[in-house]
Each structure stands twice: as structure tokens, then as C-alpha cells.
Amino acid sequence: MAESSLAEPPSPTKITYVDGEPATITLRRCCLESNLDGVKKRHVFEADTVDIGATSDNDLVLTDDTVSRNHCRIFKEGEAFLVRDLGSTNGTFINRVRVREAWLKPGCALTLGKTELRFSPVDERLRIVPSDKERLGGLIGKDSRMRAIYAMIERIAPTDTTVVVTGETGTGKEVVARALHDLSRRQRGPFIVFDCGAVPENLIESELFGHEKGAFTGATSSRQGVFEMAQGGTVFLDELGELSLDLQPKLLRVLEQREVKRVGGVRPTKVNVRVVAATNRDLEAEMRAGRFREDLYYRLNVVRLELPPLRARPGDVALLVRHFLSHGAYNELPGGGRRVRGISRAALEQLYAHGWPGNVRELSNVVERAISFAETDEIRLEDLPDSIAGHSSAPFVADPTNVDGRMPGFAPPDVHGAFKDAKDQWVQSFEREYIESLLRRNDGNISHAAREAKIDRKYFRKLMKKYGITA
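Residues numbered from 1 in each chain as written. Predicted model: local features only at pLDDT ≥ 70, side-chain atom pairs only at ≥ 80, totals over all residues. Heavy atoms only, no water.

*Asks:* What exactly am I supposed to notice about empty space enclosed by the protein here?
*Replies:* Which parts of space are left empty comes out when a probe the size of a water molecule is rolled across the atoms. Here the structure, examined in full by the defined rule, presents one cavity of 30 Å³ or more. Its volume calculated, the largest cavity comes out at about 40 Å³. If you go around the largest cavity, the residues you meet are Cys196, Glu201, Ile204, Glu242, Ser244, Leu247 and Arg457. (1 Å grid on protein atoms, 1.4 Å probe; cavity = no way out; pocket = protein on both sides within 12 Å on 5 of 7 lines; lining within 4 Å. Points joined across faces, edges and corners; volume = space filled by probe spheres on them.)

*Asks:* What exactly am I supposed to notice about the sheet that holds strand S9 (residues 80–85) here?
*Replies:* Sheet strands pair via backbone hydrogen bonds, and the direction of the pair is either parallel or antiparallel. Overall, mixed pairing links the five strands, which are arranged S7-S6-S8-S9-S12 in an open sheet. Bordering the open sheet on either side are strand S7 (60–61) and strand S12 (101–103), each of which pairs with just one other strand. Bridge count between strand S8 (residues 72–77) and S9: six bridges; the pairing is antiparallel. In the strand pairing of S9, Ile74 is matched with Val83. Packed onto the sheet, helix H5 (residues 248–257) meets strand S6 (49–53), S8 and S9 and runs at close to 115° relative to S8. (Pairing = 2+ DSSP bridges. Helix = DSSP H or I, 4+ residues; strand = E, 2+ residues; numbered from the N terminus. Contact = heavy atoms within 4.5 Å. Axes fitted to C-alpha atoms, helices over the stretch in contact; angles between N-to-C directions.)

*Asks:* Before we go on, may I ask you to explain the nonpolar core in this structure?
*Replies:* Inside soluble globular proteins, nonpolar side chains tend to come together where they are buried. By size, the foremost hydrophobic cluster in this structure holds 32 residues, and its most contacted members are Phe227, Leu237 and Leu240. Secondary-structure elements contributing two or more residues to this core are strand S18 (191–195), helix H3 (201–209), helix H4 (226–229), strand S19 (234–238), H5, strand S22 (274–279), helix H6 (283–288) and helix H7 (294–300). Beyond its immediate stretch of four places on either side in the chain, Leu237 contacts Phe194, Cys196, Leu208, Phe227, Leu251, Val275, Val276, Ala277 and Ala278. (Core = buried A, V, L, I, M, F, W, Y, C linked by side-chain atoms within 4.5 Å. Buried < 20%, exposed > 50% of the residue type's maximum accessible area, 1.4 Å probe, protein only.)

*Asks:* Whenever I open this one, the layout of surface pockets confuses me. Can you help?
*Replies:* Each pocket or cavity is described by its volume, and for the largest pocket that value is around 630 Å³. Lining the largest pocket are 28 residues, and of these Gly170, Thr171, Gly172, Val175 and Arg361 lie nearest its centre. Of all the secondary structure elements, the ones that give two or more residues to the lining of the largest pocket are strand S16 (139–140), helix H2 (173–182), S18, S19, helix H8 (317–327) and helix H10 (359–373). It is H10 that provides the largest number of residues to the lining of the largest pocket, a total of four residues. Its volume calculated, the second largest pocket comes out at about 520 Å³. Looking at the second largest pocket, it is lined by 25 residues, and the ones nearest its centre are Thr49, Arg258, Val271, Asn272 and Val273. Of all the secondary-structure elements, those providing two or more residues to the lining of the second largest pocket are S6, H5 and S22. Residue contributions to the lining of the second largest pocket peak at three residues, all from H5.

Structure (C-alpha cells):
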């Protein structure tokens, strides 16, 4: 394989801040210039993948009869571009050297059959001026960082650019993915969420790519996978860092080839989807540690949106609380009114002072809990959890609405039995309540709960099965 002098793709586009202000970013596009029959044309592509060939299903159609039906594909890795020959009859050449796969250097000549194209990347420089909005879709916040993210979403949503959303648990990564979908040309298509950490490893390949009848025990019929079901829409891959190494090449194939092959299948199926991925892991560190493929990392990480934690934007707490009071289903009265209409200054000051390790999701849970305890139409200090209100820790209480991080209570063991039996009873009661408490606090996300407990996800599932607990 011939390669240009560009040996390593640059890092992905990312919103960064200098003294609180967003920096200028650059979105790189693929540009191909042609000179057919003396007519010069310039083709600029916003998509991450560009197919070139003689048939109409290509992004760039060439009428040259020496060009194959599906001749070659150009795709983006980071901010660089790679060309791959698709088994063409007459070959793909860069500067008259035949290649199977190679990096494209700015200004190089790309020859397909008798047609010569001149490649050059086009850089679109954008100053991310924070939006004047306080919300975008389901995202809420007037902090400058959030408003900069709104501006970025509005700019990249109409394109098919692959986006990776990073941030702590509970910051709203899925909400960003939904906003990207709703503002895109794919808004009428499906929006499918797939949590890579919530599906058992032995089923994840079938769930993602589908399977044929008889592919494995229990496969009594053929089934579409996530990518086929999302045809024409968007796939949101949550917890991407949980995807095993043996499945990562198959995801890479989907991104590069725009096709999937079902488990037990022979023929690949073309798919037309946009991929938005999210993780709270440092994928760069995972890549260096050998737990995440380098080629997949660069293929995915075209544009990266990093969501700030709630503690970094405390001024948005009041705005979020008002939203939860106005729109939360848990605050609705049978007649359609609102059970709680406001929050006292003392309670709001305590919310400002809290560190919010669970971010917006934790705040939503705290507001829901406070509403259930409120005796008036206002959330008061005493309605908040002790860990936030600043009260001394209370004994464990068996309360299904407990979201303040304390373990719910469980019945004492039978002191009249044998020590071993009493101990077993106590341990089982503890395990059951502990698992249920973690799942509640993490909105049923098994990966998040297992990580908080610092135990293996498989063992966490084993405990769930032992006590008949479902997410």
C-alpha cells in the first residue's frame, strides 16, 4: 500500500475554551476538482464518506467507461482523508502510483480509469459565538459553555458528520444526540439508542448487526439489527467505550463501507445512517492502553462535543429546577395543574452549593424526591435530602424515592436463628437493597451502576439475576 507523507491523522475537531471563550474551530471537507471535456468542476462533500464510481448510487458519478461501477471510496479519519480502491478493474492511482489504500496528500492527483481528479481538503473556519438561547431541544442552560454547544449543534446538525459526545454521567449526552437528529435532514427518520454497556456480550453483535435464522441457538427467525432499523436516520451509540475489541472492527466496517453483515449472513446490506457516539471514558487513554482500536478512534472522532459538568455551571441550577417543576410528569396534578410551583431561597442556595456528582440527572431526581416530600406548593430546605440540606446523617430508611446517595434500610436479621443463617439473611438483604439503590440512582443503567460499585458488570448482572432484579 502506498502512503503519502501524512503518516498520522491530526486530532479531531473539539470545542475548547480559552479564558472562558470558545476558540475558532476548523471543519475539514473533501474537495475534488475534475476537468471533463474541458469543463472544470469543483465538488465539495460534507459527508465523512465519499463513494466514486459509474453508477448513480455513488456520491460522485463519473461517466468514463473505464471507471468501475463502484470504483473507490474516500473517507475521513480525524482531519485526514484516506482513499480505498473497491476492487476496480482499472485500478486507483495517486500521482500515477497504483494503490489499494493510501492517505491523500493535498494537491495530489487521483486517477480512476482515464479520469483524473485533483484532491484538496477545504477548511471552513468557524468562530463559535455562543447562541443567545437558553435552551436547544432538550438541553437547558444559559452558561456560555452550553450556549457555545448550542451554536455548534446548530452548525453541524445539517451535515452527516460523525460526532462523539463526551462528559460525565448525567450531563445529557443522549439529549445532545437527539438534538443533532432533530435538527438534521434525517429528522423524519428513526432515532435509535443503543447502550453498548447494557446488552450482554453474547447478544451485542446480533443486536447491532442483526442475525439470520439458525445463526445460533435460539435464532428461530431472521432479525434486523440496530443499523438496519435506523435506515435513513441516526444511531446513538451510548457507552461506546464498553464495546469489546472483537466487535470494534465490525463497527469500523459499518462506518467505512456503509454496510452490515448479519450474524450467520453471507451478503452485506447497505445502510444509510448517521452515527453519534457517547462515552464518559477517555477514549484516547483507552486507545493508548490497547483497549480501543486506533483506526476506529480516528474514524469516529471527527467532531467532539464535551459537555461541562453541572458544578461548572451552577448558574443553570435555578433554570433547570424551574424546568423540572414546569414539565416534570411527577409534578402533575390529576386536573392538569402543578403540585409544587416554586422553591424557597434557602433550598435553592443549598442546591447551588452542592457538588452534583450525578449532574443534571441527579438534580432531576432530587427535585422529584423533594416534590414527593413537600407539604406546600414550594420546595423548602427540609424537603431536600440530608446530604444536600446540610443536616446530620439520618439512619437508613426503606424509601423507594431515596436518591440522595444513602443506602435504603433493610430489615434486621432474625436473632433467634443460628449465627450463620442470620448472617446470610443480613448479607442477602444488604446485597438486594444495595443493587436496587444503585440502579435507581443510575436510572437503570447497569454499566454506570457497576462502575459506581467498582465491581465487574458481569458480577453485577449475576447479583441482579440472583435476586430477580430487573433494570
